[in-house]
Amino acid sequence: MEKQIKIFDTTLRDGEQTPGVNLNLHEKLEIAAQLERLGVDVIEAGFAVASPGDFEAVREVARHIKKCTIASLARTMEKDIDRAWEAVKEAASPRIHTFIATSDIHMKHKLRMTEEQVLDRAAAMVRYAKKYCEDIEFSPEDAGRSRPEFLYRILEAVIKAGATCVNIPDTVGYTVPHEFGTLINGIKNNVTNIDKADISVHCHNDLGLAAANSLAALENGATQLECTVNGLGERAGNAAIEELIMAIGTRKDYFNVNHSIDTTQIYRTSKLVSSLTGIKVQPNKAIVGSNAFAHESGIHQHGVLSEKSTYEIMTPESIGLTQNRMILGKLSGRHAFEERLKEMGYTALSKEEIKKAFEKFKALADKKKIVLDRDIEALIEEKVSQVPEVFELVSFQINSGNKLISTAVVGIKRNGVVTTEAATGDGPVDAAFNAMERVVGLDLKLEDYGLKAVTEGKDALGEVTVRVSLKGGIFVGRGISTDVIEASIKAYLNAINRIAIEKNEYGS
Ligand code: KIV
Ligand code: ZN
């Protein structure tokens, strides 16, 4: 039979301990409401005794959220437990989560207590909390570095005192998956009353193993996983809820467990937490990073376009994204390019037009890391505004500087013959235009010149539009390139070719 596990979210408590994160009451309520929509079983809303602000936040979350258990953290101290209860008592389902450290390092240097003292305090405080609340979670802090035999004894004692959930924290992210799984297995087999409590795990990510350790624990009998949205938390953070849930779901064949999470809320939750905490999600972050469903290489894009499962082990829709993202770049193939053209509405282009546009796209992708839709639009529009190339640009060379007279050498081909001319000018563009006029033998007047960036960034495409006059007629030319001088030359040549065609100035 499939096992049902609980998801305990501590974004508002351990997640808020992320350096630089400080959420106000309104923000905490917004996150709590989204966690409720996401379907977590338990929300740890804060550490009530820590500050009046924390207390108020836990109490307000407890008042507003109806579908989840609301927990407050408390040390094994009466004043902490009193405050925690005061904050959660109005919840539909309240929980007090109390903890004390059990590793030799913490007991010796932090608590200055012996094992016996720690065990007695833990049991006494669970008994104390039990007077208030039925649902009590106990955590032996730094369990990952605690003596397993001591853990068995203290867990047995707190369950006897009334704990309904025993949480095993790898507080400093020290353990490795097989070892942590073995620890959970040991607890399951050596704590005689363990069947009376949930076994929870709480893994930190100092070695990048938080999700792997949590899943190893799951395989060994854990029934509750503690985690945070986007993996926020102390130092390197906690196990990320999105990673745990999607691993369990994608590998249901392996884990065979059920949970109550609505995975289609994952992306939205991640975005909300990222924007309210100000902690950006790295692009290559599993599940919710902006690249998690993006395909750049031509081979991958072709595969995904033929059959998504070739390179996608889960669908973007399953986490609430509308679609995957094909990154068009220098490795992209013709197939992905054509597909993108269709998605953008360019359905009426001929094979020849697509071929030309693809060549231009490749040339652009060589210069520009990512080709955006607006770049493609500019390429297609440039193509549409093309006229037959009576004159073709072969080469140009510009010499310009603040202490130099700008000079340009431009080579242009007509009827298979290349003519090269040099000219000076008032700036590099003017010099290039003068050289081009020499080649084509026209005396043009530049009426208007406009330059705009098609996209953002230093490598953006520049689009130049020129209006030139000749014998009373006005001719428009457009050119685009990542190099604004080249875009200017192309625009001027485009106008010259219009003159050539429309005025039949040169025959053909
Ligand atoms: O990491 C930890 O040990 C904790 C406990 C308080 C559960 O956050
Ligand atoms: Zn923690």
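Here is what the cut-offs are and how they apply
- Residues numbered from 1 in each chain as written.
- Chains lettered and ligands numbered in written order.
- Predicted model: local features only at pLDDT ≥ 70, side-chain atom pairs only at ≥ 80, totals over all residues.
- Heavy atoms only, no water.
- Helix = DSSP H or I, 4+ residues; strand = E, 2+ residues; numbered from the N terminus.
- Rg over C-alpha atoms; globule rule 2.2 N^0.38 Å.
- Contact = heavy atoms within 4.5 Å.
- Lys, Arg positive; Asp, Glu negative; His and termini not counted.
- Charge placed at Lys NZ, Arg CZ, Asp CG, Glu CD.
- Buried < 20%, exposed > 50% of the residue type's maximum accessible area, 1.4 Å probe, protein only.
- Pairing = 2+ DSSP bridges.
- Right-handed = clockwise from strand over helix to strand, strands pointing away.
- Axes fitted to C-alpha atoms, helices over the stretch in contact; angles between N-to-C directions.
- Disulfide = S-S within 2.5 Å.
- Near = heavy atom within 4 Å.
- Polar contact = N/O pair within 3.5 Å; in protein donor to acceptor, adjacent residues only side chain to side chain.
- Areas by Shrake-Rupley, 256 points an atom, 1.4 Å probe, with all protein chains shown as cover.
- Nonpolar A, V, L, I, M, F, W, Y, C, P; charged D, E, K, R; others polar.

Trainee: Explain the overall build of the chain here, please?
Mentor: Looking only at helices and strands, the chain has 17 helices and 18 strands in total. In terms of overall size, the chain is more extended than a compact globule, its C-alpha atoms giving a radius of gyration of 33 Å where 508 residues would be expected to give roughly 23 Å. With respect to the three principal axes, the spread of C-alpha positions in the chain is 100 × 50 × 40 Å. Sequence-distant contacts, at least 24 apart, represent 65% of the contacts inside the chain between residues at least 6 apart. Counting 63 positive and 72 negative side-chain charges, the chain places the averaged centre of each group 1 Å from the other.

Trainee: Honestly, the pairing of strand 6 (residues 136-141) in this entry has me stumped. Any pointers?
Mentor: Two faces make up the sheet, and in a regular strand the side chains alternate between them. Counting buried residues along strand 6, six of its six residues qualify, which places the element largely inside the surrounding structure. Residues of strand 6 alternate between two faces, with Ile-136, Phe-138 and Pro-140 on one and Glu-137, Ser-139 and Glu-141 on the opposite face, all of them buried. Bridge analysis of strand 5 (residues 94-101) against strand 6 gives six bridges, and the strand direction is parallel. Its bridge partner being in strand 6, Thr-98 is matched across the sheet by Phe-138. When strand 6 meets strand 7 (residues 165-170), the two strands line up parallel, connected through two bridges. Paired with Phe-138 across the bridge in strand 7 is Val-166. On the question of chirality, the crossover connecting strand 6 to the parallel strand 7 by way of helix 6 (residues 148-161) is right-handed.

Trainee: Is there a simple way to explain the sheet that holds strand 13 (residues 392-399) in this structure?
Mentor: Whether parallel or antiparallel, the strands of a sheet pair through hydrogen bonds between backbone atoms. Spatially, three strands are ordered 13-14-15 in an open sheet, and the strand pairing comes out antiparallel. Each having just a single partner strand, strand 13 and strand 15 (417-425) make up the two edges of the open sheet. In this sheet, neighbouring strand axes are inclined to one another by 15 degrees on average, regardless of whether the strands run parallel or antiparallel. Two strands pair when backbone bridges link them, and strand 14 (residues 406-414) and strand 15 are joined in this way by nine bridges, in the antiparallel orientation. For Lys-413, the partnering residue across the bridge sits in strand 15 and is Val-418. Running at roughly 140 degrees to strand 15, helix 16 (residues 428-440) makes contact with strand 13, strand 14 and strand 15 of the sheet. Contacting strand 13 and strand 14, helix 17 (residues 484-502) crosses the sheet at an angle of about 135 degrees to strand 13.

Trainee: Please clarify how the state of the cysteines should be interpreted in this entry.
Mentor: Here, the word disulfide means a covalent bond between the sulfur atoms of two cysteines. Counted by the stated rule, this structure contains zero disulfides. Free cysteine Cys-68: the closest other cysteine sulfur is in Cys-227, separated by 12 Å. Judged by relative accessible area, which is 1%, Cys-68 ranks as buried.

Trainee: What's the story with the site of ligand 1 in this structure? I'm lost.
Mentor: Ligand 1 sits among Arg-13, Asp-14, His-97, Phe-99, Ser-139, Glu-141, Asn-167, Pro-169, Thr-171, His-202 and His-204. His-202 places a polar side-chain atom, nitrogen or oxygen, 3.1 Å from an oxygen atom of ligand 1. Between ligand 1 and His-204, the relevant distance is 3.0 Å, taken from an oxygen atom to a side-chain nitrogen or oxygen of the residue. When ligand 1 sits alone it has 260 Å² of accessible area, and the protein chains cover 94% of it. Here the shell around ligand 1 is composed, by residue class, of two nonpolar, six polar and three charged.

Trainee: Please explain the sheet that holds strand 8 (residues 198-203) as it appears in this structure.
Mentor: Spatially, the eight strands close up into a barrel ordered 2-3-4-5-6-7-8-9, and their pairing is parallel. Looking at each pair of strands side by side, their axes are set apart by 25 degrees on average, direction ignored. The pairing of strand 2 (residues 6-9) with strand 9 (residues 224-227) spans four bridges and is parallel. Within strand 9, the residue paired with Ile-7 across the bridge is Leu-225. Each of strand 6 and strand 7 is contacted by helix 6, which is oriented at about 160 degrees to strand 6, the strand it contacts most. Here helix 8 (residues 210-219) sits on the sheet in contact with strand 7, strand 8 and strand 9, set at roughly 165 degrees to strand 8.

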